[in-house]
Amino acid sequence: MSIRHFLTLCDFSPAELEYLIERAIQLKAKHKSKQAYTPMQGQVLGMIFEKSSTRTRVSFEAGAAQLGGSAIFLSPRDTQLGRGEPIEDSARVLSRMVDIIMIRTFEHSKLELFAKYSSAPVINALTDDYHPCQLLADIQTHVEHRGSIRGRKVAWIGDGNNMCNSYINAARQFGFELAVACPEGYEPMQSLVEQNADRVKIFRNPSDAVAGAHLVVTDVWASMGQEQEQAEREKAFSQFQVSPELMNKAAPDALFMHCLPAHRGEEISTDMLDDQRSVVWDEAENRLHAQKALMEFLLYGKQV
């Protein structure tokens, strides 16, 4: 099997993504029933973090362990990357020492360059442009609660950030309609919107975007690296909070998701995570199982 990378959802075909979701559900069931499944015995996941994380680190490290492998955590303080070693040199060396690599960094171009020179599969664990692993968990959660998301309507409320960009790719790959509500000047990547104009619409009023939606999703107003913009963003996004009242405008069986961490009282009301329509804890847990399915696929291919 030739080396493949997972830098965006578009690196896999729709059929492969559907397989990953079903496989994640199967691996979750194995784990819940205490069935040992350890195909990664003797193999190592390298985890390169230039951005801090809770869910990403724990889910990948636990996932590798549950599959029988091990994981090495590498921060900028722990590698020559943090001291200016060329990315291509680090990629050549690290990929000869570990079997699969996940990277959580800032510039997406840095991830692409690393993958170009890596002889091991590379996974995007978040860049400033995309967060595809989170989308695998989100789609898995929707499938578990409501079945296929194909043909449904999803509303994204808030910043047109890396999560929003990945939701645009997901709309294309999983076949749903996406309504994005954001203030002027905070739109998702323009090229993505233009390429997906048949399935993505931009709104300025959250109520218009949420109307009839089967899934409502949001994220923090200021992502990592944007802390200095917090006050400005709070003002710009003040009308873009997701609350039970806003959810009432969605479809009767609508779900609410948030990739976490959440800022209660900002992008969500203080009671939104506890609303009966919220599935954020299942969504967070599914990072673990979706990423196990992803690592298994990149290392061994489709399991029959």
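Structure shown above.
Just so you know, these numbers come straight off a predicted model, no measurement behind them.

Notes on the sheet that holds strand S2 (residues 70-74)
And step 1. The parallel open sheet is built from 4 strands, whose spatial order is S2-S1-S3-S4. Two strands close off the open sheet at either side, each with one partner strand: S2 and strand S4 (122-124). Averaged over all pairs of adjacent strands, the angle between strand axes in this sheet comes to 20 degrees, irrespective of strand direction.
And step 2. When strand S3 (residues 100-104) meets S4, the two strands line up parallel, connected through 3 bridges. Bridging across to S4, Ile103 finds its partner in Asn124.

Thoughts on the sheet that holds strand S5 (residues 153-157)
And step 1. If you walk across this open sheet you meet the 5 strands as S7-S6-S5-S8-S9, and the pairing is parallel. Looking at the sheet topology across the chains shown, the edges are occupied by strand S7 (200-203) and strand S9 (255-258). On average, adjacent strands in this sheet sit at an angle of 20 degrees to one another, irrespective of strand direction.
And step 2. Examined bridge by bridge, S5 and strand S8 (residues 215-218) share 4 bridges and lie parallel to one another. Bridge pairing in S8 places Trp156 opposite Val217.
And step 3. Relative to the sheet, helix H5 (residues 132-146) contacts S8 and S9, its axis offset from that of S9 by approximately 160 degrees.

Considerations on the pairing of S8
And step 1. By the alternation rule, side chains of S8 split into Leu215 and Val217 and Val216 and Thr218, which are all buried.
And step 2. For S8 and S9, the ladder comprises 4 bridges, and the chain directions are parallel. By the bridge assignment, Val217 is partnered in S9 with Met257.

Comments concerning the pattern of salt bridges
And step 1. Enumeration according to the criterion identifies 17 salt bridges in this entry.
And step 2. The closest approach of N and O atoms between Asp128 and Lys51, which form a salt bridge, is 2.6 Å. Of the two residues, Asp128 sits in the loop between S4 and H5 while Lys51 sits in the loop between strand S1 (44-49) and helix H2 (55-66), which places them 77 residues apart along the sequence.
And step 3. Residue class for Asp128 comes out partly exposed when judged on its relative accessible area of 37%.
And step 4. Taking the relative accessible area as the measure of exposure, Lys51 reaches 5% and is therefore buried.
And step 5. As a salt-bridge pair, Glu107 and Lys110 come within 3.7 Å of each other at their nearest N and O atoms.

How each quantity is defined
- Within any chain, residue numbers begin from 1 and follow the written order of that chain's sequence.
- Thresholds applied to this predicted model are a pLDDT of at least 70 for local features of residues and 80 or more for the giving and counting of side-chain atom pairs; totals over whole chains, interfaces and linings are not thresholded and use all residues.
- As a rule here, side-chain values come from all non-hydrogen atoms in the structure, and water together with hydrogens is ignored.
- Two strands are said to pair when DSSP picks up at least two bridges between them.
- Here a strand is any run of E in DSSP of at least two residues, a helix any run of H or I of at least four, and the numbering for each starts at the N terminus.
- For helices, the fitted line uses only the C-alpha atoms of the stretch in contact; every axis is such a line through C-alpha atoms, and the angle between N-to-C directions lies from 0 to 180 degrees.
- We call two residues contacting when some pair of their heavy atoms lies within 4.5 Å.
- Relative accessible area decides the class of each residue, using a 1.4 Å probe on protein chains only: under 20% of the type maximum gives buried, over 50% gives exposed, and in between gives partly exposed.
- For this document, the term salt bridge refers to a Lys or Arg side-chain nitrogen within 4 Å of an Asp or Glu carboxyl oxygen.

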